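# Structure at a glance
Take a look at the letters that make up each chain.
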Amino acid sequence: MEAWRIVATALLAVAGLPLVLVVMAKVRDRVDSSARVAVGGAVTFTAVAVVAVLTLTVLPGLLTWIVVAVVAAAVGVMMLAS
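Residues numbered from 1 in each chain as written. Predicted model: local features only at pLDDT ≥ 70, side-chain atom pairs only at ≥ 80, totals over all residues. Heavy atoms only, no water.

Counting secondary structure elements, the protein contains 3 helices and 0 strands. Counted from the first residue to the last, the protein has its helices and strands arranged as α-α-α. When the backbone C-alpha atoms are referred to their principal axes, the protein occupies close to 45 × 25 × 15 Å. Per-residue burial over the protein gives 27% buried out of 82 residues. Pairs at least 24 apart in sequence give 83% of the contacts found in the protein among residues at least 6 apart. Accessible surface for the protein amounts to roughly 5,200 Å². Of this, 77% is attributable to carbon and sulfur atoms. (Helix = DSSP H or I, 4+ residues; strand = E, 2+ residues; numbered from the N terminus. Buried < 20%, exposed > 50% of the residue type's maximum accessible area, 1.4 Å probe, protein only. Contact = heavy atoms within 4.5 Å. Areas by Shrake-Rupley, 256 points an atom, 1.4 Å probe, with all protein chains shown as cover.)

Here helix α2 (residues 34–57) is 24 residues long and its end C-alpha atoms lie 35 Å apart, about the 34 Å a rise of 1.5 Å per residue gives. Every buried residue of α2 is listed here: V37, G40, G41, T44, V48, A52 and T55. Buried residues belonging to α2 abut α1 (3–30) and α3 (61–81). (Expected span 1.5 Å × (residues − 1).)

A few words on a nonpolar patch on the surface. Together, L62, L63, I66 and V70 make up an exposed nonpolar region whose accessible area comes to about 380 Å². Topologically, L63 is positioned in helix α3. (Patch = residues over 30% accessible without salt bridge, like charges linked within 9 Å, V, L, I, M, F, W, Y side chains within 5 Å. Salt bridge = Lys/Arg side-chain N within 4 Å of Asp/Glu carboxyl O.)

Summed over all chains, the structure comprises 2 salt bridges. Note that R5 and E2 form a salt bridge whose closest N and O atoms lie 3.1 Å from each other. The class for E2 is partly exposed, based on a relative accessible area of 40%.

It is at 9 Å that the axes of α1 and α3 come closest, and there the two elements cross at 30°. In this view, α1 runs roughly parallel relative to α3, as classed from their interaxial angle. The chirality of how α1 crosses α3 is left-handed. Here W4, V7, A8, L11, L12, A15, G16, P18, L19, V22, V23 and K26 of α1 lie close against α3, whose contacting residues are G61, T64, W65, V67, V68, V71, A72, V75, M78, M79 and A81. Split by residue class, the contact of α1 with α3 holds 19 nonpolar, 3 polar and 1 charged. (Axes fitted to C-alpha atoms, helices over the stretch in contact; angles between N-to-C directions. Parallel < 35°, antiparallel > 145°, perpendicular 65-115°, else oblique. Left-handed = near helix turned anticlockwise from the far one by under 90°. Nonpolar A, V, L, I, M, F, W, Y, C, P; charged D, E, K, R; others polar.)

Time to look at the packing of α1 against α2. Interaxial distance between α1 and α2 falls to 9 Å at its minimum, and their mutual angle equals 165°. Here α2 runs roughly antiparallel to α1, going by the angle between their axes. When you trace α1 past α2, the crossing you get is right-handed. Taken together, the residues of the contact of α1 with α2 sort by class into 15 nonpolar, 7 polar and 3 charged.

Shown next as structure tokens:
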């Protein structure tokens, strides 16, 4: 396995964890339901996990780095907006 795939996946995981937490916080602010917060967190975590597996296995290099940049930018914007 190429080293760049491992680095990209690690960066995606580092950006994905705050993304899950921010999504859960946004859901909690809008809907006062613990079940919906859990569902929002589970969906976001699953999406990040699927993208991480795809990053490790099949995505081409340019697309991989674009996905990592988009996730990092989304986390940055969500953190600044809250």
